[in-house]
Each structure stands twice: as structure tokens, then as C-alpha cells.
Amino acid sequence: QLLDRCIFSNDNSAPMKFDPMTEEVACRDPHFCDDCQSKFFDDIKVIQMITTCGKPWECHYDDTWDEMTMMLCDDFHRSWFKLRIQYEESHWHQGPPTDRTGTYKPEVFLGFCTASGITGYDRMIDDKTGKATCDSHTVSTEAVSTMKFSGGREQQQKLLLTTGATTGSTTGCVSGLITKLGREPPYNIGIVIDVSGSTGGGFGGTPTGDVNGDGNANRILTQKSIPSLRLWNTSQARLTLVTTTLISA
């Protein structure tokens, strides 16, 4: 038993067509000649949108359609976009937002189209900024390659990258480094400061105050301490793969 094409594969096409071979009007389907355009949309189980109505994501609409074709194509498109809304509301978590503000045939395309054609379609992911968060669950990867220099010299370089395991955005949080093979972190940094008697003299530049907390302001040692303290604070706050030691000499 053949299934009713108007119920299970309705493409909203007219039942008759002109046959250029015989130059006569004949049934489009020799096995089935019912008028599928006359079916009520609620009675249709499966719709086929490529032939007549066009793909929804191409925002296809033909203002020259006859009234019967236009009515059913409107229903076809609306049903497809309603399913997209249903999917977004039930499955789309922390993804790029959908504006639904398209002004091209909004009563048919429900705000997803700004113009006719695929470029007018509001895609679900493309070129949108997602929620700016970093996944707490990360994955790391590494690769080693050879960097060649003039004179036949070469060096093994190692690339380390860490990023979130999953993301709902087209952007993500990535950290990493490139280093010579065998020189991977953690690193140990030693900051050596000269505290000999000559550094106790006055500093002739812009007054700095007692930045190192030794009770003496505007000394040579005070000025020398500033870049060291900045490096120390930065390494403690940001560089998780660095151990910093302060040495006085």
C-alpha cells in the first residue's frame, strides 16, 4: 500500500505539470494525482520544503506565488521556525542569544530573517558573542617541533596549551606558552638587591617615599627596590608556574 504523498511528503506542489516531451499537461506523479495544496496543514504529517517553498534557512519567499501556494508555504515556514524556537528554549544553554528582530516577512519567518537569501538568516551560532566565562574543567595539550636557524642551527620548541573542556561560545579561554624543550616550567626567579652602605645615600630624583618599608624614605636603596617589588608582586599574583625568591647582597 502506497502512503498518501499529500500527508507523508507534502511539498506544496501543483498536481499537474506540462510535459515538454508530449507537449501535454499531465499528472506530476503518474501514481498519484491528488492536489496536495488543498490539504489542511494540521492534517499533514511530513512536509518537504525544498521543491516549492524553499529552505527556511535561505529565507526564501516568492511574492508571485498564487494564493494556495502562499498559504501552505507560510504554514510550512512558520512550523519550521517554531520548532527552532522550541529547540532553543529547551536545549540551548548559555549559548549566543537569538534576537528574533528580523523585519523580512516576520509573520512567516518569526524574526529570524533580515533579508531574502541565506545571508539574511539569523544563524544559531555564527559570528555571535557567547557568555564570557571560562570552563572550570580544562584540558591541556602539547606539541614539539624543530625551529631552524641560519648556519644549520636548530632548536627543539615545545608548545603547551590549556583551554576549557567545553564551551557554549565561538570564543574560549586559552592559556599557554612556547619554550625550549627541557626548559619547561616551573621556573625559579632570584631577585638580587645590593644593600651595601652606598645604597643608603639620598636619591636625587623624584621622591618615592618609603616604598620598601625599611623606615628610610627617598634613599638609593628605596629607588632600586621599586622594579624588584613590582616583579615580585606580579609573579605572586599572576605567574602560577614561577617561584620567586628575594635575595639581598
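First, a word on what this report is: a plain description of the structure on this page. (Residues numbered from 1 in each chain as written. Predicted model: local features only at pLDDT ≥ 70, side-chain atom pairs only at ≥ 80, totals over all residues. Heavy atoms only, no water.)

## Topic: the overall build of the chain
Argument step 1. Assigned secondary structure in the chain consists of four helices and seven strands.
Argument step 2. Taking all 249 residues of the chain together, the buried fraction comes to 25%. (Helix = DSSP H or I, 4+ residues; strand = E, 2+ residues; numbered from the N terminus. Buried < 20%, exposed > 50% of the residue type's maximum accessible area, 1.4 Å probe, protein only.)

## Here's the deal with the state of the cysteines
Argument step 1. What the rule picks out here adds up to three disulfides.
Argument step 2. Sulfur-sulfur distance for the disulfide between C53 and C73 comes to 2.0 Å. For the disulfide bridge between C53 and C73, the dihedral angle about the S-S bond is near -85°, and by the sign convention the bridge is left-handed. Here C53, found in the loop between β2 (24-27) and α2 (67-91), pairs with C73, found in helix α2; they are 20 residues apart in sequence, far enough to count as distant. Of the two residues, C53 and C73, both sit in the buried class. (Disulfide = S-S within 2.5 Å.)

## Quick word on the packing of aromatic side chains
Argument step 1. Taken as a whole and assessed by the stated rule, the structure comprises ten aromatic pairs.
Argument step 2. When the centroid spacing of 5.3 Å and the interplanar angle of 15° are considered together, the rings of F81 and F112 count as stacked. Taken as a pair, F81 in helix α2 and F112 in the loop between α3 (106-109) and β3 (138-148) lie far apart in primary sequence, 31 residues in all. An identical accessibility class is assigned to F81 and F112; each is buried. (Phe/Tyr/Trp six-rings, centres within 6.5 Å; stacked < 30°, edge-to-face > 60°.)

## As for the nonpolar core
Argument step 1. Of all hydrophobic cores here, the largest spans 17 residues; its most connected members are Y61, F76, F81, F109 and C113.
Argument step 2. Looking at this core, the elements with two or more residues in it are α2 and α3.
Argument step 3. The element best represented in this core is α2, accounting for five residues.
Argument step 4. With near-sequence residues (within four places) excluded, F76 lies in contact with N10, D11, N12, F41, I44, I47, Q48, M49 and C53. (Core = buried A, V, L, I, M, F, W, Y, C linked by side-chain atoms within 4.5 Å. Contact = heavy atoms within 4.5 Å.)

Any functional reading would require information beyond the geometric quantities listed.
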